Each structure stands twice: as C-alpha cells, then as structure tokens.
Amino acid sequence: MTDLLSLLSWGGGGWGRLLFQGLLVTLGVAAMALPIGLVGGLLLALGERSDRMTLRWFCRLWKTAFQAIPELLTLFVLYLGIAKAISGLAKLVGVAQGWTPSPMVVGALALGLVFASFAAEVWRAALDGVGRGQSDGARSIGLSKVQALRLVILPQALQLALPGLGNLWVILLKDTALVSILAVPDLMRQINLAVASTREPFLFYLVACFIYIALTTVSERLLRLATARQRSGWVAALTERG
Amino acid sequence: MGANLLVENASALIEGTLLTLALVCTALPLAGLLAVPLTIGLGSRSRLIRGPVRAYLAFFRGSPLIAQLFLVYYGAGQFRPTLELLGVWWVFRDAFPCAVLTFALNSAAYTTVLVRGAINAVPKGQIEAARALGLPSGRIARHVVLPQAARLAFPGYGNEVVLMIKASALATVITLFDLMGTLRLIYSKTFDLTIFVWGALIYILLIGTFRTVANLIEQRLFCWPKV
C-alpha cells in the first residue's frame, strides 16, 4: 500500500510532479478552448438570427455538424487537415516544410469549435430571453446596432446564459482528456505514461478520475457562487449556504 | 476520387458502422436497466441508500469517459484471479464487453439524474389529487407520475442517446474497430483525409435518423395535452 502511495509522491520515483504538470496543461487547453467556444457560440447564435438567409443556413449547418460529429473525429480531422494544409502551402510557396501545428493548439481549437456549437444554443435561448423591447428601446434612444448589443443586450443575456455555459465548461474540462490522443502532455497523457512505466493501471486511472472529479466539482461550486452573486451580490453569495 | 475511396472501403465502413450500432444498442438498454434501481435509490429517504447512489453519480458524471474506459479495460487486468474466481473474467477479457459495460455504467448515471429530475418535476397537485381519489401509491406511480415524467424526460433522453452514439467513438482507443476505428485504419493505409469527411457524414446521418424517429415517437406517444 505504501509502495502504491509512493508512486504518487512528488519527488524521487513518484509521479506527483509530472501529474501536476499534466494538470496545468489540461487547464491550459481548457482555458484556450473557452474563449473560442464562447465567442464562436455567440457569433453562431447571432448569425442564426441574421436577416440573410444564406448566413442563417450556414450557421445552422455548422452548428448541427459540430454537435453531431464525435469530438475524437473533429480532433483528428482538424489536426491532420491543418498539418496537410500547412505542408501544401509550404510546397506552393516553395519553402522547405518542417513546421507542424502544435497539437495542443489544434486540440484546443477543436474542443473550442465543439463548445461553440453547443454554446450557440445557450446563447440563442439567452438572447431570446432578453426580449424584443430591450433592443427596440436601445435603438430608439439612438444606439447603433453594435452598441445596443454590447451595452444593453449582452450584459442581460450573459446572466441568462451563465448556468448553461457553466455546464458546457464542465463538459469541456472532461473532454480535454481527448487531446492526449494527439500526444499533448496533458493529465491523461501523463497518466498513460505512468501506467506504461509502472504497470499499475487501476491505481493511476482511478487517480485520474478523482482529479477530474475534483476539477469539475470545484468548477460547479464556483459557478453556483457566481450565479448567486449575479442575483444578490457577493456578500449574500458567500454567506448563502451551499 | 472521393467517391472511389468510399466504394473501395464500403464493406469495412459498413462493418464499422454496425459495430458502432452494436455498442450503442447493447449499452443503452443495459444503462436503462441500471438506471431503475439508481433512480429509486436517489429518491430514497434513507441516507444509507442515497449516499452510495450519489457517490456513484458523482464518479461517473464527474470524470471523463475515456478515463473510465481505461480504468475498466486495463485496470481490471490487475484483478484477474479474483474476477476469474467470480466467473466474470470474460467481460473484462475482451474490448467489446468492456466498452459496453463502461458505456452502460456511464450512461446509467446521466439517465438516473435525468429521470429523477423529471419525476420531481411532476406537479405535486397531481399526486395529491390522485391520493384524494383513493389510488394506492403503486398505481399513483404507474398511472399518474411515471407517464408525466416520461414526457418530461423524453427529449433529454434523446440527447443522451445522441451523446452515446458520439461517445461510442471512444471505443477505438481500446482497440475496437468501430466506425471511428475503421476510419483511422483506412486513413493509415491511404493517407486520404476525405475518408474522415465521409465518416463524419455517416455519424451525422446516424444521429439525424435517430432524431427524426425520436421526434415521430414523441409526437405519437405524448399527444395528450400538457397539465
């Protein structure tokens, strides 16, 4: 038993330090994917309410496709596709190729695009929830379309969207484990390496599960706090039970 | 050229798709069966029952499916003598039953939360009215609560099925040649990216077909007015 625990220790033969580094990479991937997903989702949601029919259809098609295709497939296509495009481009320009895309960046991009396709639904519902009167009112006091969106609609929509986006964030945290397939040195990858070298799959995969559970649980707590704060301010949120 | 690739690999793609469907169609009913005691347990008044159920749900909903898959497939090997003694080693020996088991355990957790939520969302007045009419609690559950909960849970369950179809692609990481695994195999032979595009279209087609059927069932089954 102590032998098993020493496998997880920080220094000297333990995997603690490497697992921690992996955890940082995992958080890095999630942190890169999040802005892509949030902004992409908002753009898709706005595109879906556009006056132009082609744009509406394009956004709907894009959204449906990324929602339906398995994350693993999106990850592969994007990684291999971008690598191929780069080498093709290099050949076209006549530069010696030798540059491959960073799997971490491509992984984050892929997860961000998937996030965006689901966030589009959340944003759409939130924008619908703000109500027509708000945008009509903003326009009638002389704000431009963009100003109305930025100053009046979005602050209100964000409040409505927060719980839904929070759920997507938790899903994103778990999905980051998939980038280990592209050999990104995230938590899952480090765990796989640890298993390969120690032959203790049960211990390490169990540890992996518990670390991810800790991440998702902390996220859920913080999100609940943030939602409560929106309603009643920080003091009330911190004193509220839960 | 793209269509050629499709024709040449048609049989492999069909086999892969069938394996994907087999995974989904075995895991989902199993998950449904597991979800029944879990749902009842989650609604229990006793902490001794609710606690373990909550822990189960937290574990399977809080960690990535890929980690669970590795845990079951590679982790079980360490307990081979015990599992052989119990006569269940055959489940853990091969990748297919392992994948089905993991998917079922995972999906059962999500289904439980969904169904419990639907049951709790049935208006209390419905139950009070049924009790006032003198219905015994078993019949209240069967004729009043469950039909309404089923309607509330149905759309969410549809999403769960779609997620299961997508998640089944993970089976490829434990050596199964489901649709995703087949695509990777074909790519490693041809280095032609279009195979992934065809693969994506097959997944979209599978999910689109399911959605259409689910919508038809929903309209047929739940045509009675909402309370």
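All of the points below concern the structure found in this document. (Residues numbered from 1 in each chain as written. Chains lettered and ligands numbered in written order. Predicted model: local features only at pLDDT ≥ 70, side-chain atom pairs only at ≥ 80, totals over all residues.)

Counting secondary structure elements, chain A contains 10 helices and zero strands. Along its sequence from the N terminus, chain A presents helices and strands in the succession α-α-α-α-α-α-α-α-α-α. Taken across its 242 residues, chain A has 38% of its residues classed as buried. If you take every contact in chain A between residues at least 6 apart in sequence, the share linking residues at least 24 apart comes to 70%. (Helix = DSSP H or I, 4+ residues; strand = E, 2+ residues; numbered from the N terminus. Buried ≥ 20, exposed ≤ 12 C-beta atoms within 10 Å, placed from the backbone. Contact = placed C-beta atoms within 7 Å.)

Another point: the overall build of chain B. A count of helices and strands for chain B gives 11 helices and zero strands. Seen in sequence order, chain B has helices and strands lined up from the N terminus as α-α-α-α-α-α-α-α-α-α-α. In terms of its C-alpha atoms, chain B occupies a principal-axis envelope of roughly 70 × 50 × 25 Å. Split into buried and exposed, the 227 residues of chain B put 33% on the buried side.

Here we take up the interface of chain A and chain B. Contact residues are listed per partner, giving 27 residues for chain A and 26 residues for chain B. At the level of secondary structure, the elements contributing two or more residues to the side of chain A that touches chain B comprise helix H3 (53-68), helix H4 (71-93), helix H8 (187-198) and helix H9 (201-232) of chain A. Sorting elements by how many residues they give to the side of chain A that touches chain B places H9 of chain A first, with 10 residues. Per-class residue counts for the side of chain A that touches chain B are 22 nonpolar, three polar and two charged. (Nonpolar A, V, L, I, M, F, W, Y, C, P; charged D, E, K, R; others polar.)

Right, let's get into the packing of H4 of chain A against helix H5 (residues 103-130) of chain A. Residue and element names in this part refer to chain A. Their axes nearest at 9 Å, the elements H4 and H5 cross at an angle of 135 degrees. Overall, the two elements H4 and H5 adopt an arrangement that is oblique. At the point where H4 passes H5, the crossing takes the right-handed sense. From H4, Glu 71, Thr 74, Leu 75, Leu 78, Tyr 79 and Ile 82 reach across to H5, where they touch Pro 103, Val 106, Gly 107, Leu 109, Ala 110, Leu 111, Leu 113 and Val 114. Taken together, the residues that form the contact of H4 with H5 break down as 11 nonpolar, two polar and one charged. (Axes fitted to C-alpha atoms, helices over the stretch in contact; angles between N-to-C directions. Parallel < 35°, antiparallel > 145°, perpendicular 65-115°, else oblique. Left-handed = near helix turned anticlockwise from the far one by under 90°.)

Attention now goes to the nonpolar core. Membership of the largest hydrophobic core comes to 120 residues, with the highest contact counts inside it found for Ala 119, Trp 123 and Ala 208 of chain A together with Ile 66 and Ala 67 of chain B. For this core, the leading source of residues is H5 of chain A, giving 16 residues. Discounting residues that sit within four places of it in the chain, Trp 123 of chain A has contacts with Gly 41, Leu 42, Ala 45, Ala 157 and Ala 161 of chain A. (Core = buried A, V, L, I, M, F, W, Y, C linked by C-beta atoms within 7 Å.)

So, on to helix H2 (residues 10-42) of chain B. An α-helical turn contains 3.6 residues, so a residue and the one three or four places further along point in the same direction. Taking 1.5 Å of rise per residue, 33 residues should cover 48 Å, and H2 of chain B covers 46 Å from first to last C-alpha, within 8% of that figure. Largest kink in H2 of chain B: about 30 degrees, centred on Ala 35 of chain B, with the proline Pro 37 of chain B one to four residues after it. (Expected span 1.5 Å × (residues − 1). Bend = angle between axes of the 7 residues up to and from the residue.)

The next point concerns helix H4 (residues 65-75) of chain B. Burial of H4 of chain B is extensive: 10 of the 11 residues sit out of reach of the surface. Those residues of H4 of chain B that sit buried are Leu 65, Ile 66, Ala 67, Gln 68, Leu 69, Phe 70, Leu 71, Val 72, Tyr 73 and Tyr 74 of chain B. In this fold, the buried residues of H4 of chain B make contact with H8 and H9 of chain A together with helix H3 (47-62), helix H7 (95-121) and helix H9 (137-167) of chain B.

For the rest of this paragraph, the subject is the environment of Gly 131 of chain A. Residue and element names in this part refer to chain A. Assignment of secondary structure puts Gly 131 in the loop between H5 and helix H6 (132-140). Residue classification places Gly 131 among the exposed positions, given that 12 C-beta atoms sit within 10 Å. Sequence separation of Gly 131 and Ile 153 is 22 residues, and the distance between their C-alpha atoms is 8.8 Å.

These figures come from the coordinates and say nothing about function on their own.
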